[in-house]
Amino acid sequence: MVGALRNIKISLMLLLHAFLSLLQLFPSPARAGSALDQLSGGAPLPEVPAAQAPASPFFPEDGSAPMKAWYTRGVPPAPVQAALAAEGVEPRDIRFDYEWAQDIAFFRQDGSLVLLADAPPKLLENLSLTMGVLNNEDGFPALTALSEQDAQALGVPFRRLQHTFLEGGALITGYFPGGEPYAIVTQSPVEGAALIYEYRTGRAIDEAAAKALVAADLGVAVKDLFVVPSDGHLDLVITPLRGGTLLVTDPSRELAVMQALLPKAPAGEQKRLKAMIKFYKEGWKRYPDSKPEFPHTAYEQRVADAAAAILQARFKVVRAAGSFKELKKYANAESLYPAERINFFNGFTGSTASGELFQVTNSGDGLTSLENYWAQLLKGLGAARVHFPGSYSLG
């Protein structure tokens, strides 16, 4: 999981995660449609009754429902606006001043805004939440979360999760071909649900009971909630597509992809690709007498393989290279560092009103050969178009 020591920055504010970005209006509840169409008009709307059952699933990230609007902070950069316009998607301001708002804002399929479970920050400080979602300055932890007032300012109905506190990057949602909604999470929200339940009731529960609480909050059956290992956010390593298809990272394939692309790559890109290939094959020494470091550790590969093994029992899992690392120079310095500036998993998938599947994701950082590779991969899996307006940085 991405913890307090690993801060994700997206400089063009592509705001990777679809729960902020995806919003197709559904007819129930009836009041949600008109409110979400207006956003700025009308009186504040009440909370969706907690007794409503079952909870509406979260909006799917796999493109199985048409996307009407994409929520972000402020005005998206021009390249992102152009990509959204090409797909008939309206950008909307979430009106919350937090750079990584996609990690704290979600919508359900009924149009209601999701508010995270109330919990003392101290209770959740060991769940490896991203820096920013959990601030721990001067030893006083604080959580960044949307409130009832934020929902009312948007003019949308809202519903609070009972036991679940999670981040957008730690959740993947979609539908199986039979119409059952699914959710994929890291261990963090399950551990958090157990802590919140015990805090409120004084009674400890096991992992199975905690998982059932999370499933109820997310509006999925327990059998359709998948808890997978991860050493970072799931949306850095998984791209969901329609029909129960998941693109799942396979770091071992990255070198082979670059080697295959090199002969036909534009002349201006070949030097960079050769340097990246050398890094993957020979490693890099941080100091003259140190052991070589490689783009990925054996642990990263094991975690990715373990996640894929869990998911392939129910999903069509396609293992793929989707992030690429290279050595970069520090600003105003000659020293190098291993950088991850290219991650194609870290986008969002949607469909148009006519049903065409598309993805908006990060750029290849100047390597169009890698962008073309990814676009062809997704088109082979049903995507009509892939846009690359984002700028990505991990670390």
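Cut-offs and rules
Residues numbered from 1 in each chain as written. Predicted model: local features only at pLDDT ≥ 70, side-chain atom pairs only at ≥ 80, totals over all residues. Heavy atoms only, no water. Salt bridge = Lys/Arg side-chain N within 4 Å of Asp/Glu carboxyl O. Helix = DSSP H or I, 4+ residues; strand = E, 2+ residues; numbered from the N terminus. Buried < 20%, exposed > 50% of the residue type's maximum accessible area, 1.4 Å probe, protein only. Axes fitted to C-alpha atoms, helices over the stretch in contact; angles between N-to-C directions. Parallel < 35°, antiparallel > 145°, perpendicular 65-115°, else oblique. Contact = heavy atoms within 4.5 Å. Nonpolar A, V, L, I, M, F, W, Y, C, P; charged D, E, K, R; others polar. Pairing = 2+ DSSP bridges. pLDDT = per-residue confidence, 0-100. Left-handed = near helix turned anticlockwise from the far one by under 90°. Phe/Tyr/Trp six-rings, centres within 6.5 Å; stacked < 30°, edge-to-face > 60°. Lys NZ or Arg CZ within 6 Å of the ring centre and 35° of its normal. Core = buried A, V, L, I, M, F, W, Y, C linked by side-chain atoms within 4.5 Å.

For the rest of this paragraph, the subject is the pattern of salt bridges. Taken as a whole and judged by the stated rule, the model has 18 salt bridges. Notably, a salt bridge pairs Arg-319 with Asp-305, separated by 2.9 Å at the nearest N-O pair. Residue Arg-319 is found in strand 15 (residues 316–320), and its partner Asp-305 is found in helix 10 (residues 298–311); the two are separated by 14 residues along the sequence. The exposure class of Arg-319 is buried, given its relative accessible area of 19%. Residues joined in a network through salt bridges with shared partners are Asp-250, Arg-253, Asp-305 and Arg-319.

Across the interface, helix 6 (residues 187–201) lies against helix 7 (residues 207–218) with an axial gap of 8 Å and an inter-helix angle of 100°. Of the possible angle classes, the one that applies to helix 6 and helix 7 is roughly perpendicular. Between helix 6, through Gln-187, Pro-189, Val-190, Ala-193, Ala-194 and Tyr-197, and helix 7, the contact on the second element is made entirely by Glu-207, Ala-210, Lys-211, Leu-213 and Val-214. Of the residues assigned to the contact of helix 6 with helix 7, the class counts are eight nonpolar, one polar and two charged.

Next up on the list: the sheet that holds strand 6 (residues 113–115). With respect to topology, three strands assemble into an open sheet ordered 5-6-9, the strand pairing being mixed. Looking along the sheet, the strands with just one partner apiece sit at the ends: strand 5 (106–107) and strand 9 (158–160). Sheet analysis places strand 5 next to strand 6, joined by two bridges and oriented antiparallel. What sits directly across from Phe-106, in strand 6, is Val-114.

This next bit is on the confidence of the model for the protein chain. Residues of the protein chain with pLDDT of at least 70 account for 86%, and the chain-wide mean is 85. Every residue in residues 1–46 is under pLDDT 50, and counting partners more than four places away or in other chains gives 173 contacts. Across residues 48–53 the pLDDT falls below 50, and counting only partners more than four positions away or on other chains, this stretch makes eleven contacts in the model.

Turning next to the pairing of strand 13 (residues 238–241). Neither face of strand 13 is exposed, since Ile-238 and Pro-240 on one face and Thr-239 and Leu-241 on the opposite face are all buried. Examined bridge by bridge, strand 13 and strand 14 (residues 245–249) share four bridges and lie antiparallel to one another. Bridging across to strand 14, Ile-238 finds its partner in Val-248. Two successive antiparallel strands, strand 13 and strand 14, enclose a turn made up of three residues, where Gly-243 displays a positive phi of approximately 75°.

Attention shifts here to the packing of helix 8 (residues 254–261) against helix 9 (residues 267–282). Relative orientation of the contacting elements helix 8 and helix 9 amounts to 150°, with a least axis distance of 10 Å. The angle between helix 8 and helix 9 places the two elements in the roughly antiparallel class. Every pair of crossing elements has a handedness; the one defined by helix 8 and helix 9 is left-handed. When helix 8 is examined against helix 9, the residues Glu-254, Leu-255, Met-258 and Gln-259 are found in contact with a partner set consisting of Leu-273, Met-276, Ile-277, Tyr-280 and Lys-281. Taken together, the residues of the contact of helix 8 with helix 9 sort by class into six nonpolar, one polar and two charged.

Along the chain, Glu-371 falls in helix 11 (residues 368–379). In this structure, Glu-371 is in contact with Phe-344, Ser-363, Gly-364 and Phe-388, ignoring residues within four places of it in sequence.

It is worth spelling out the packing of aromatic side chains at this point. Taken as a whole and assessed by the stated rule, the structure comprises 15 aromatic pairs. Relative to Phe-315, the ring of Phe-226 lies with its centre 5.0 Å away and its plane at 65°, an arrangement referred to as edge-to-face. Here Phe-226 is found in strand 12 (residues 225–227), whereas its partner Phe-315 is found in the loop between helix 10 and strand 15, with 89 residues between them in sequence. Across this residue pair, the class does not change: Phe-226 and Phe-315 are buried. The structure contains a cluster of three or more aromatic residues connected by ring pairs, namely Phe-324, Phe-344, Phe-345, Tyr-373, Trp-374 and Phe-388. Here Arg-314 stacks its cationic end above the ring of Phe-176, 4.5 Å away from the centre of that ring.

What follows covers the environment of Gln-162. Of note, Gln-162 is situated in the loop between strand 9 and strand 10 (171–175). Since its relative accessible area comes to 37%, Gln-162 is described here as partly exposed. Each C-alpha atom, one on Gln-162 and one on Ala-216, is 8.9 Å from the other, the two residues being 54 residues apart in sequence.

Most often, soluble globular proteins keep nonpolar side chains buried together rather than apart. Counting 44 residues, the largest nonpolar core has Leu-113, Leu-171, Leu-218 and Leu-225 as its most contacted members. When contributions to this core are tallied by element, the ones reaching two or more residues are strand 5, strand 6, helix 5 (148–154), strand 11 (181–185), helix 6, helix 7 and strand 12. When neighbours within four sequence positions are excluded, Leu-113 is seen to be in contact with Phe-106, Phe-107, Leu-146, Ala-151, Val-156, Pro-157, Phe-158 and Arg-159. Met-276, Ile-277, Phe-345 and Trp-374 belong to the second-largest nonpolar core, a separate cluster that totals 28 residues.

The sheet built from three strands is open, its strands ordered 10-11-12 with mixed pairing. In this open sheet, the two edge strands, each paired with only one partner strand, are strand 10 and strand 12. Sheet twist, expressed as the average angle between the axes of neighbouring strands with direction ignored, equals 15°. Taken together, the three bridges between strand 11 and strand 12 define a ladder with parallel strand orientation. When the sheet's bridge partners are listed, Ala-183 is paired in strand 12 with Leu-225. Sheet strands in contact with helix 7 are strand 10, strand 11 and strand 12, and its direction is about 130° off that of strand 12.

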